[in-house]
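What follows is the residue order along each chain.
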Amino acid sequence: MNRVFALTGNGVEWSKLKLPALITNDPVILHGLNSKIKYVRLVRRILNQKTYWFAQLVCEGEPYQKPKNIIGDGTVGIDLGVSTVAIVGDTETIWTHAAVELNSKQKEVRKLQRKMDRQRRAGNPGNFNPNGTVKKGSKRWKKSNRYKKTAAKKREIERKQAAYRKSLHGKLVNQTLKLGKNIKTEKVSVKAWQKNWGKSIGFKSPSSFQSELKRKAENANGEVLMFSTRYTALSQTCLCGNKQKKSLSQRVHNCSKCGLTMQRDILSAYLSRHVDPKTTCGHSNTWYCDQSVS
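Scope of this entry: the structure provided in the associated data block. (Residues numbered from 1 in each chain as written. Predicted model: local features only at pLDDT ≥ 70, side-chain atom pairs only at ≥ 80, totals over all residues. Heavy atoms only, no water.)

1. Remarks on the overall build of the chain
Along the chain, the regular secondary structure elements total eight helices and 12 strands. The C-alpha atoms of the chain give a radius of gyration of 25 Å, which is well past the 19 Å a tight globule of 294 residues would have. Within the span of the chain, comprising 294 residues, buried residues form 33% of the whole. Restricting the contact set of the chain to residue pairs at least 6 apart, pairs at least 24 apart contribute 56%. (Helix = DSSP H or I, 4+ residues; strand = E, 2+ residues; numbered from the N terminus. Rg over C-alpha atoms; globule rule 2.2 N^0.38 Å. Buried < 20%, exposed > 50% of the residue type's maximum accessible area, 1.4 Å probe, protein only. Contact = heavy atoms within 4.5 Å.)

This is the structure in structure tokens:
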């Protein structure tokens with residue numbers, strides 16, 4: 001069944017159904033309404049356990065660019081960690097905890113999960129063994145109204161956290177692109193981090209920051225260059241070229257050769273700016289710098 005929506009006046013028309021829209025003076029919305037509209041689709045979202053419908057416009061042309069989000073032309077080096085990120089540009093250095101303003105709701109979520117488990121067991125006593133384990137085979141699960149209400153509370157908490165985390169990542173991405181749209185960083189494996197720091201990775205979601213940064217940089221005609229940590233080992237390298245292994249607990253770089261002392265993540269981000277991935281040697285423990293540093 002084809003569902004064709006039309007945006008007319010202050011609402012959406014679908015066949016004989018006419019839905020009035022609530023249009024605000026937000027510059028992003030006004031820019032979309034003034035652009036050529038290719039498609040209109042209705043999107044249902046559940047906010048605070050209430051159902052809302054949004055008319056999503058697929059427009060032709062360039063998206064709205066806020067005046068405060070200026071795109072720079074410089075080169076930026078990034079060192080992405082499990083819970084921190086260091087960003088070094090031509091004129092500014094940023095070192096911060098990822099999603100630092102996001103408050104964990106894990107205790108509240110775990111409390112609701114235990115409540116859901118009790119409600120599920122009370123409503124489905126025949127699906128459990130005497131020792132409390134779930135019986136094998138196919139089963140029919142009954143979901144009580146109280147169980148559905150508890151599950152809705154849990155989903156709402158997770159939705160708010162995800163939305164706020166996305167907003168914080170977008171803010172940090174805009175700060176990064178203000179320093180420059182040419183990004184250089186080590187290619188880290190977030191999946192490998194999940195084995196040791198699963199809760200922190202799920203809470204901070206560094207992979208979302210990476211994907212958002214790459215998307216916005218490419219839209220601004222920039223690029224994100226990633227190079228293997230196997231051959232660069234920037235966290236173990238000093239400006240003088242000396243390499244010294246460090247444990248994860250050692251957060252300050254102290255060179256035994258030249259005496260340089262610097263925060264470990266910031267130094268790695270600075271070195272990332274000067275790595276040339278196109279000439280990085282993939283068959284030896286060597287990497288080349290596109291600018292002399294001393």
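2. So, the packing of aromatic side chains
In this structure the tally under the stated criterion is one aromatic pair. One cation-aromatic arrangement involves Arg45 over Phe54; the distance from NZ or CZ to the ring centre is 5.1 Å. The lysine or arginine in question, Arg120, covers the ring of Trp141, its NZ or CZ lying 4.8 Å from the ring centre. (Phe/Tyr/Trp six-rings, centres within 6.5 Å; stacked < 30°, edge-to-face > 60°. Lys NZ or Arg CZ within 6 Å of the ring centre and 35° of its normal.)

3. What about the nonpolar core?
One recurring pattern in soluble globular proteins is that nonpolar side chains are buried together. Among the nonpolar cores identified, the biggest contains 15 residues, and Val76, Ile78, Val85, Ile87, Ile183, Phe209 and Leu213 are the most heavily contacted of them. Per-element accounting of this core gives the leading share, four residues, to helix 3 (residues 145-179). When neighbours within four sequence positions are excluded, Ile183 is seen to be in contact with Val76, Ile78, Thr176, Leu213, Glu223, Val224 and Leu225. Phe227, Leu234, Leu267 and Leu271 belong to the second-largest nonpolar core, a separate cluster that totals five residues. (Core = buried A, V, L, I, M, F, W, Y, C linked by side-chain atoms within 4.5 Å.)

4. Some details on unusual backbone geometry
The backbone of Asn48 shows a phi angle near 55 degrees, a positive value even though the residue is not glycine. You can see Asn48 is positioned in the loop between strand 4 (36-47) and strand 5 (50-60). You can call Asn48 partly exposed: its relative accessible area is 48%. A positive phi angle, near 65 degrees, is found at Gln49, a position not held by glycine. Secondary-structure assignment places Gln49 in the loop between strand 4 and strand 5. The class of Gln49 is partly exposed, set by a relative accessible area of 43%.

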